[in-house]
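Observations on chain architecture
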Amino acid sequence: MLTDLLTHYGATGMFAAAFLAGSFFPFSSEAVLLALLAAGAPPEALLLSATAGNTLGSLFNYGVGSLGREEWITRYTKVSPEKLERGKRWVRRYGAWAGLLAWLPLLGSVITVAMGFLRVPLVYGMVLIGLGKYVRYWIIVRCWIAV
């Protein structure tokens, strides 16, 4: 199983799992994070690896969106035209601030593709995406430590 393989590599596996989950590929980085926490891996390293990988996965989505071809987006990312339109509405309404919601399952990938498509300034977008993703992983790690 891919989760077991990634867990074997510690923080590097966490980075790879988070990258996959942050992009439009269907994957759960939370399962890898929890497995690594259970194995005793250092939470701080996992938090940083997960945030960096997930943010770069969103940067990948942004790059695909910035190609500006809706037919490519729908074909290669499996984002339906309706979902892409919904993501574009969010981004038109909130701009780079929509990136704070990039951690949400399903909607997050659509938002990051739409951010690239609509050419949201990359620096602002990635900072806000990274912040949202950091907070999500921080909450998971904090909950694990509290238990």
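Keep in mind that this is a model prediction, so the values were computed, not measured. (Residues numbered from 1 in each chain as written. Predicted model: local features only at pLDDT ≥ 70, side-chain atom pairs only at ≥ 80, totals over all residues. Heavy atoms only, no water.)

It is worth spelling out the confidence of the model for the protein at this point. On average, residues of the protein carry a pLDDT of 91, and 98% of them reach 70 or more. Taken element by element, the predicted model of the protein shows its lowest mean pLDDT in helix α1 (residues 2-8) (71) and its highest in helix α8 (residues 122-146) (96). (pLDDT = per-residue confidence, 0-100. Helix = DSSP H or I, 4+ residues; strand = E, 2+ residues; numbered from the N terminus.)

So, about the nonpolar core. Formed by 14 residues in total, the largest nonpolar core has its most connected members in M14, V32, L33, L36, L46 and Y137. When contributions to this core are tallied by element, the ones reaching two or more residues are α2 (10-22), α3 (29-38), α4 (43-66) and α8. Examining the composition of this core, we find that four residues originate from one element, α3, more than from any other. Listed in part, the 13 residues of the second largest apolar core include V91, A98, I111 and A114. (Core = buried A, V, L, I, M, F, W, Y, C linked by side-chain atoms within 4.5 Å. Buried < 20%, exposed > 50% of the residue type's maximum accessible area, 1.4 Å probe, protein only.)

In this section: α3. Taken residue by residue, α3 has S29, V32, L33, L36 and L37 as its buried positions. All buried residues of α3 lie within an arc of 135° about the axis, which places them on one face of the element. Looking one or two places after α3, you find G40, whose phi comes out positive at around 95°. (Arc of directions from axis to C-beta.)

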